[in-house]
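# Breakdown of the fold
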Amino acid sequence: MRIASAPDGIIHIDGKVVTALDRFVASVTEIIERYTRYVIVSGYVAILFGRARGTEDIDLYIDYMDRDTFMSFSEDLLEQGFYFLNSDDIGEIYSMLCDRLAVRIAGAGRIIPNIEMKFKKDDFDRYAMSRAKRIQFDDIRFFVSPIELQIPYKLYLGSDKDIEDAVYLWMLFRETLDGDLLRMFMERLQVRGEPYGIEV
Amino acid sequence: MELRFDREKNRQERLAFVRRHALRVREVPNEVWSREQADLIDAFFENAQNFALSRSEYLRTCRRRRPEAVHG
């Protein structure tokens with residue numbers, strides 16, 4: 001894998017073939033960006049960097065939006081051919097977000113893949129957003145959570161698939177990661193990587 | 001009927017594959033690994049149009065399997 005970090009901090013994955021999933025995610029994040037900040041977390045981060053698996057949902061956090069802004073965002077989203085799986089009532093969708101629940105966005109006529117979107121709510125989410133890495137390939141640009149947080153987070157979730165994602169990211173980035181940061185998140189989430197060869 | 005399935009062995013085999021795959025992705029040009037990955041993901045994407053569950057059935061399954069995480 002050739003990954004180039006530009007002086008402005010953007011990570012370029014030159015030559016990466018754009019998948020239909022990338023296009024779907026980009027078409028939604030482009031709309032989100034008109035209204036607020038977002039950060040992609042969890043499985044799709046590993047997939048972006050080459051993990052050979054599909055996914056039915058893409059997790060992302062957004063900054064808080066007031067009700068009027070969210071209504072404009074939703075209108076834009078619906079005009080572009082997307083919908084909320086949870087309800088057709090946008091007021092209800094907004095209430096779910098305010099109750100710290102996730103809402104799901106899919107393309108018209110589809111159930112999967114979908115984007116699972118939440119307001120950011122804790123220190124981990126705030127860190128992921130404030131230190132988000134900007135990834136660029138072809139004409140696509142995404143903001144993704146730092147890998148030093150994603151590996152402990154995946155170990156914390158703990159399913160076979162999550163642990164495989166953590167091991168994959170570790171194998172790919174182990175020489176370039178900030179060991180102190182990785183250790184700090186592992187301690188805070190009370191997870192251990194040694195059983196899986198993740199030794200920091 | 002007895003099901004002979006060693007869960008731990010299966011897990012270790014999967015992890016070994018993930019490690020091998022990561023090493024290969026590190027070694028080959030982006031055009032190579034991403035072409036292979038795109039073939040797989042695009043096939044999933046295409047097939048997802050035939051998803052059998054309704055909106056409400058799908059959301060029910062999501063609620064059942066999703067743990068509430070610290071970061072999520």
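The preceding data block contains the structure.
Worth saying up front: this structure is predicted, and the values here are computed from it rather than measured.

Residues and elements named next belong to chain A. Among the 11 residues that make up helix H6 (residues 147-157), nine are buried, leaving the element largely enclosed by the rest of the structure. Listed as buried for H6 are Ile 147, Glu 148, Leu 149, Gln 150, Ile 151, Pro 152, Tyr 153, Lys 154 and Leu 155. Summarising the contacts, the buried residues of H6 are in contact with strand E3 (38-41), helix H2 (43-48), helix H5 (123-130), helix H7 (160-173) and helix H8 (179-189). Looking one or two residues past H6, Gly 158 carries a phi angle of roughly 85°, positive in sign.

To continue, consider the interface of chain A and chain B. Taken together, the contacts link 60 residues of chain A with 42 residues of chain B. For the pair chain A and chain B, the summed buried surface comes to about 4400 Å²; carbon and sulfur atoms form 58% of the total. Our count for the contact surface shared by chain A and chain B stands at five salt bridges. For A:Glu175, the salt bridge is made with B:Arg26, and the minimal N-O distance between the two is 3.0 Å. At the junction of chain A with chain B, the criterion picks out 18 residue pairs in polar contact (both at pLDDT 80 or more). The greatest single-element share of the side of chain A that touches chain B, amounting to seven residues, is contributed by H7(A). Across the side of chain A that touches chain B, the residue classes tally to 31 nonpolar, nine polar and 20 charged.

Cut-offs applied
- Residues numbered from 1 in each chain as written.
- Chains lettered and ligands numbered in written order.
- Predicted model: local features only at pLDDT ≥ 70, side-chain atom pairs only at ≥ 80, totals over all residues.
- Heavy atoms only, no water.
- Buried < 20%, exposed > 50% of the residue type's maximum accessible area, 1.4 Å probe, protein only.
- Helix = DSSP H or I, 4+ residues; strand = E, 2+ residues; numbered from the N terminus.
- Contact = heavy atoms within 4.5 Å.
- Buried area = accessible area lost by both parts, 1.4 Å probe.
- Salt bridge = Lys/Arg side-chain N within 4 Å of Asp/Glu carboxyl O.
- Polar contact = N/O pair within 3.5 Å; in protein donor to acceptor, adjacent residues only side chain to side chain.
- Nonpolar A, V, L, I, M, F, W, Y, C, P; charged D, E, K, R; others polar.

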